[in-house]
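# Residue-level structural notes
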Amino acid sequence: MGTAEQLVSFLKLASGNRRFRQSHLSLYSALLMYYDKASRQNPFRVSRRELMKHSAIHSYATYHKCMGELIANGLIEYEPSYHPKLASRVALLDNNSES
């Protein structure tokens, strides 16, 4: 699935869920940007710092809350690296429930 289709699918899901806020959309958009940058290879690696920078999230608490909710809703898989020079692994999941 391409990035545009992933975004449309996410927006449909988010419009029916009152818990999703602008920060979720910003973070998911940043994830899509890095997915596209990784030549659409799934999973891909990205750092928390870069995701926060490109999603304009300034709070670690907000970042972790949004990531946790994206994981809980089955939108992504996330494997932290805990290594200062190795980025975490993220996989975008197929969230297209209406095919």
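This text follows the structure it describes.
This text gives an overview of the structure that appears in the document. (Residues numbered from 1 in each chain as written. Predicted model: local features only at pLDDT ≥ 70, side-chain atom pairs only at ≥ 80, totals over all residues. Heavy atoms only, no water.)

## Let's talk about the layout of surface pockets
Estimated volume of the largest pocket: approximately 300 Å³. In terms of lining, the largest pocket is formed by 14 residues, of which the most central are Ser47, Arg48, His83, Pro84 and Leu86. Tallied by class, residues from the lining of the largest pocket come to 6 nonpolar, 5 polar and 3 charged. (1 Å grid on protein atoms, 1.4 Å probe; cavity = no way out; pocket = protein on both sides within 12 Å on 5 of 7 lines; lining within 4 Å. Points joined across faces, edges and corners; volume = space filled by probe spheres on them. Nonpolar A, V, L, I, M, F, W, Y, C, P; charged D, E, K, R; others polar.)

## Observations regarding the pattern of salt bridges
Between side chains of opposite charge, pairing is possible as soon as their charged atoms come close. Tallying each qualifying case throughout the model produces 2 salt bridges. The residue Asp36 makes a salt bridge to Arg40 at a minimum N-O spacing of 3.2 Å. On the basis of relative accessibility, which here comes to 38%, the residue Asp36 falls in the partly exposed class. A salt bridge links Glu79 to Arg89; the nearest nitrogen and oxygen atoms lie 3.2 Å apart. In this pair, Glu79 is assigned in strand E2 (residues 76-79) and Arg89 in strand E3 (residues 88-92), connecting sequence segments 10 residues apart. Look at Glu79 and you get partly exposed, because its relative accessible area is 41%. (Salt bridge = Lys/Arg side-chain N within 4 Å of Asp/Glu carboxyl O. Buried < 20%, exposed > 50% of the residue type's maximum accessible area, 1.4 Å probe, protein only. Helix = DSSP H or I, 4+ residues; strand = E, 2+ residues; numbered from the N terminus.)

## Things to note about the packing of aromatic side chains
Summed over the entire model, instances satisfying the criterion amount to 1 aromatic pair. Here Tyr35 and Phe44 contribute two aromatic rings whose centre-to-centre distance is 6.0 Å and whose plane-to-plane angle is 50°, an arrangement assigned as tilted. The same class applies to Tyr35 as to Phe44, namely buried. (Phe/Tyr/Trp six-rings, centres within 6.5 Å; stacked < 30°, edge-to-face > 60°.)

## Regarding the sheet that holds strand E1 (residues 44-46)
Across the sheet, 3 strands lie side by side as E1-E3-E2; this open sheet has antiparallel pairing. The open sheet terminates on both sides in strands that have one partner only, identified here as E1 and E2. Recorded for the sheet is a direction-independent mean angle of 30° between the axes of neighbouring strands. As paired elements, E1 and E3 share 3 bridges and run antiparallel to each other. Each bridged residue has a counterpart across the sheet, and for Arg45 the counterpart in E3 is Arg89. (Pairing = 2+ DSSP bridges. Axes fitted to C-alpha atoms, helices over the stretch in contact; angles between N-to-C directions.)

## Considerations on the nonpolar core
Across soluble globular proteins, nonpolar side chains have a tendency to be buried as a group. Of all hydrophobic cores here, the largest spans 23 residues; its most connected members are Leu31, Leu70 and Ile76. Sorting the residues of this core by element identifies helix H1 (3-15), helix H2 (22-37), E1, helix H3 (48-55), helix H4 (60-72) and E3 as the ones contributing at least two each. For this core, the leading source of residues is H2, giving 7 residues. Excluding its chain neighbours within four sequence positions, the residues that come into contact with Ile76 are Tyr28, Leu31, Met67, Leu70, Ile71, Val90, Ala91, Leu92 and Leu93. (Core = buried A, V, L, I, M, F, W, Y, C linked by side-chain atoms within 4.5 Å. Contact = heavy atoms within 4.5 Å.)

## Quick look at the pairing of E3
A large share of E3 lies buried, amounting to 4 of its 5 residues. Pairing analysis gives 4 bridges linking E2 to E3, with the strands arranged antiparallel. From the neighbouring strand, Glu79 faces E3, where its bridge partner is Arg89.

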